[in-house]
Amino acid sequence: MMRITRATPDDLDTLVAFRDQAAAWLASRGIDQWQEPWPTEDLMVEGMLRNIQAGETFIVWDDDKPAATITINRWAKPELWTEQERAEPALYAHKVTVDRAHAGQGLGAELLDWAGTKAADEGADWLRVDVWTTNEHLQHYYLRQGFTYVRTVVLPHNPSGALFQRPAERVPTPHLQEAESLTG
């Protein structure tokens, strides 16, 4: 059983390392996602820290080793989601990353199920993601996880404009246990 906890500022280096590891793996597969820090290294790290401080970033732990991370919040990027869509209660998942040592075990899917359960518990209708527009492998992954393709918004300043959503619903996560601090 793995446990999921809120990230703390002390976890920032771990989260940056997750991203760097994922970027290297993506590059090895010929995928351009995360090859350059977006928008810049400093702003990327500042954004990660802001998400941590807002209580929006979570880490999955396998004993004392970090295994995966997800950031979830209610903020819909106005340049991606329409005014009508932004008015619908939704939770948005960002930066879903699984450590390569835990890849291929369904942890990412279970983490999305956990986020969908959290969305349902918070009264949201949708769990939504915006995906790198050139990463077709990842887009197909979200389709396999029950997401529906909404549309692609191509913006010069935002490479993550392929939009997907699925209904927020409670789904069992047999391998994830929430730390007690998350229930309050």
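Everything here concerns the structure above.
Computed from a predicted structure; not experimentally measured. Residue positions are counted from 1 within each chain, in the order its sequence is given. Local features in this predicted model are restricted to residues whose pLDDT is 70 or higher, and side-chain atom pairs enter the listing and the counts only when it is 80 or higher, whereas totals over whole chains, interfaces and linings include all residues. Remark: hydrogens and water are excluded; side-chain values derive from all non-hydrogen atoms of the structure.

(A) Structural view of the pairing of strand β4 (residues 90-98). Of all nine residues that make up β4, seven are buried, and the element is covered over most of its length. In this structure, strand β3 (residues 65-73) lies alongside β4, joined through five bridges in antiparallel fashion. Directly across from A68, in β4, lies its bridge partner V98. Seen with its strands pointing away from the viewer, a crossover is right-handed when the path leading from the first strand over the helix to the second is clockwise. Helix and strand labels come from DSSP, where a helix needs a run of H or I of at least four residues and a strand needs a run of E of at least two; each type is numbered from the N terminus. After leaving β4, the chain enters helix α4 (residues 107-121) and then returns to the sheet as strand β5 (residues 126-131), a path that is right-handed. Note on exposure labels: buried denotes an accessible area under 20% of the residue type's maximum, exposed denotes more than 50%, and partly exposed covers the range between, all computed with a 1.4 Å probe on protein chains only. At least two bridges found by DSSP between two strands are what make those strands a pair.

(B) Summary view of α4. In a helix, the anticipated span is given by 1.5 Å times the number of residues less one. Spanning 15 residues, α4 covers 21 Å between terminal C-alpha atoms, matching the ideal 21 Å at 1.5 Å per step. Downstream of α4 by one or two residues, G123 has phi in the positive range, about 85 degrees.

(C) Representation of the nonpolar core within the structure. Among the nonpolar cores identified, the biggest contains 27 residues, and V60, I70, I72, L107, L111 and W114 are the most heavily contacted of them. Taken together, the elements giving at least two residues each to this core come down to β1 (2-6), β2 (57-62), β3, β4, α4, β5 and β7 (162-167). For this core, the leading source of residues is α4, giving six residues. Here a residue-residue contact requires only that any non-hydrogen atoms of the pair lie within 4.5 Å. Among all residues touching V60, those that are not within four sequence positions of it are M2, R3, I4, K65, P66, A67, A68, L107, L111 and L176. Here, the term nonpolar core denotes a set of buried Ala, Val, Leu, Ile, Met, Phe, Trp, Tyr and Cys residues that are joined through side-chain atoms within 4.5 Å.

Any functional reading would require information beyond the geometric quantities listed.
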